[in-house]
Amino acid sequence: MESSPEKAALAGDTIAREFAGILSAGTVFRRAEPLAKHTTLRVGGPVDYYIEPADEMDLAKVLDFCRRRGISFFILGRGSNLLVRDLGFRGAAVCLAQPVFAKIAAAGDQLVCGAGARLKAVALEAKRAELGGLEFLEGIPGSVGGALRMNAGAMGAATFDAIDRVRVMDFCGHVAVLTPSEMAVSYRQCGTLKESVALEAVFRGSRADRAEIEARMISFSKKRWASQPSAPSAGCIFKNPASVPAGRLVEELGLKGLRCGGARVSDEHGNFVVNDGGATAADILELIGMVKEKARQARGIELEIEVEIIGE
Ligand code: EPU
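Next up on the list: the nonpolar core. Nonpolar side chains tend to gather and get buried jointly when the protein is soluble and globular. Among the nonpolar cores identified, the biggest contains 54 residues, and Phe-19, Val-144, Leu-148, Val-166 and Phe-203 are the most heavily contacted of them. Among the elements that line this core, the one with the most residues is helix α2 (residues 56-69), at six residues. Counting the residues that make up this core, at least three belong to each of domain 1 (6-99) and domain 2 (102-211). By size, the runner-up hydrophobic cluster in this structure holds 26 residues, among which are Leu-41, Leu-253, Val-291 and Ala-295.

In structure tokens, the structure reads:
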């Protein structure tokens, strides 16, 4: 009788062949791709199928195939807000990493940006086009799609504050253009993008002098370097509770520097957990659990995790 790993391998071969049958040659398809390579925390086991669609048509085919075959999938951005468990993810990671999804074009007071574009590139293009109000995107280490999905923010602003409209594809492959009020947006989340994929966003800026924009970007960047760690992390681990910023709370609880294996609560900012080199996802999760427990016991505060946690 075949053992179950052998059966799983055979099923994997069949699915891989079927994927190959529907996708164009430009689509990147890999099996057992280590997700540690694709997350800023540098941890996480392999995903069964790693796919970079060549275009929107192939993306629609991937989504449709996963739905029909009951294959779990997730959309992978730059992995900067993602914690993948050590055994990886059974299913597919779909990543809009090909240049076709990363275009940025200025049009009047707007910037039309592909979901795969880096936020830093968006901020730089806004500066070039003399559009103010998008400087806060400069230091967020993510893609446009990820920033929309998390309604990522920095320096007192959040992504959707600057969004005019978003083109999305639902998991059946249908495309629609939505305004923020139609997208169930709140602090650090966007409900619509749990059930669809952002393809392109139109950011809104306001006319500003390039030197003024540059000065704001420099001051944001200085503030960030002074208060946040440069070691591998996933940004802020917790959402800020209403009563106190999570970073300050962790500091007040004396938890900075607390360690679990290769994971450590940052000394620079209490809401960051950094990977000191050899951390596993299990180390990081245990450390997060310790911080949560202490906040609950000492202050009665239920810290809510901001980063996305997936895998087994
Ligand atoms: N603070 C401390 N000790 C610390 C960290 C912070 O006392 O270790 C204090 C600060 O002095 C400040 C307050 O807590 O008075 C808030 O800190 P900070 O200005 O660093 O902002 P934050 O609320 O901790 C938010 C975002 C960050 C973003 C920064 C910068 C959240 C959860 N985090 O952090 O976003 O970079 O503002 O604008 O809203 C992320 O979402 O992943 C992220 C990094």
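Annotation of the chain at the domain level lists domain 1 (6-99), domain 2 (102-211) and domain 3 (229-307). Put simply, the middle of domain 1 and the middle of domain 3, counted by C-alpha atoms, are 29 Å apart. Across the contact, 11 residues belong to domain 1 and 16 residues belong to domain 3. Interface area for domain 1 against domain 3, summed over the two sides, is near 970 Å², with a carbon-plus-sulfur share of 62%. Contact with domain 3 buries surface across domain 1, with Leu-41, Asn-81 and Leu-83 losing the most and accounting together for 55% of the total. Linking domain 1 with domain 3 are four residue pairs in polar contact (both at pLDDT 80 or more), by the criterion used here.

Turning next to the packing of aromatic side chains. Following the criterion strictly, the structure yields six aromatic pairs and no others. Ring centres of Phe-29 and Tyr-49 lie 6.0 Å apart, and the angle between their planes is 25°; this geometry places the pair in the stacked category. With Phe-29 in strand β1 (residues 28-34) and Tyr-49 in strand β2 (residues 46-52), this residue pair connects regions lying 20 residues apart in the sequence. With relative accessibility at 6%, the residue Tyr-49 sits in the buried group. Relative to Phe-171, the ring of Phe-73 lies with its centre 4.9 Å away and its plane at 80°, an arrangement referred to as edge-to-face. Within this pair, whereas Phe-73 is found in strand β3 (residues 73-76), its partner Phe-171 is found in the loop between β11 (163-170) and β12 (175-178), the two being separated by 98 residues in sequence. For Phe-171, a relative accessible area of 23% gives the class partly exposed. Three or more aromatic residues joined by ring pairs make a cluster, and in this case those are Phe-19, Phe-29, Tyr-49 and Phe-65.

Cut-off values and rules
Residues numbered from 1 in each chain as written. Predicted model: local features only at pLDDT ≥ 70, side-chain atom pairs only at ≥ 80, totals over all residues. Heavy atoms only, no water. Core = buried A, V, L, I, M, F, W, Y, C linked by side-chain atoms within 4.5 Å. Buried < 20%, exposed > 50% of the residue type's maximum accessible area, 1.4 Å probe, protein only. Helix = DSSP H or I, 4+ residues; strand = E, 2+ residues; numbered from the N terminus. Domains from an automatic or database assignment. Contact = heavy atoms within 4.5 Å. Buried area = accessible area lost by both parts, 1.4 Å probe. Polar contact = N/O pair within 3.5 Å; in protein donor to acceptor, adjacent residues only side chain to side chain. Phe/Tyr/Trp six-rings, centres within 6.5 Å; stacked < 30°, edge-to-face > 60°.

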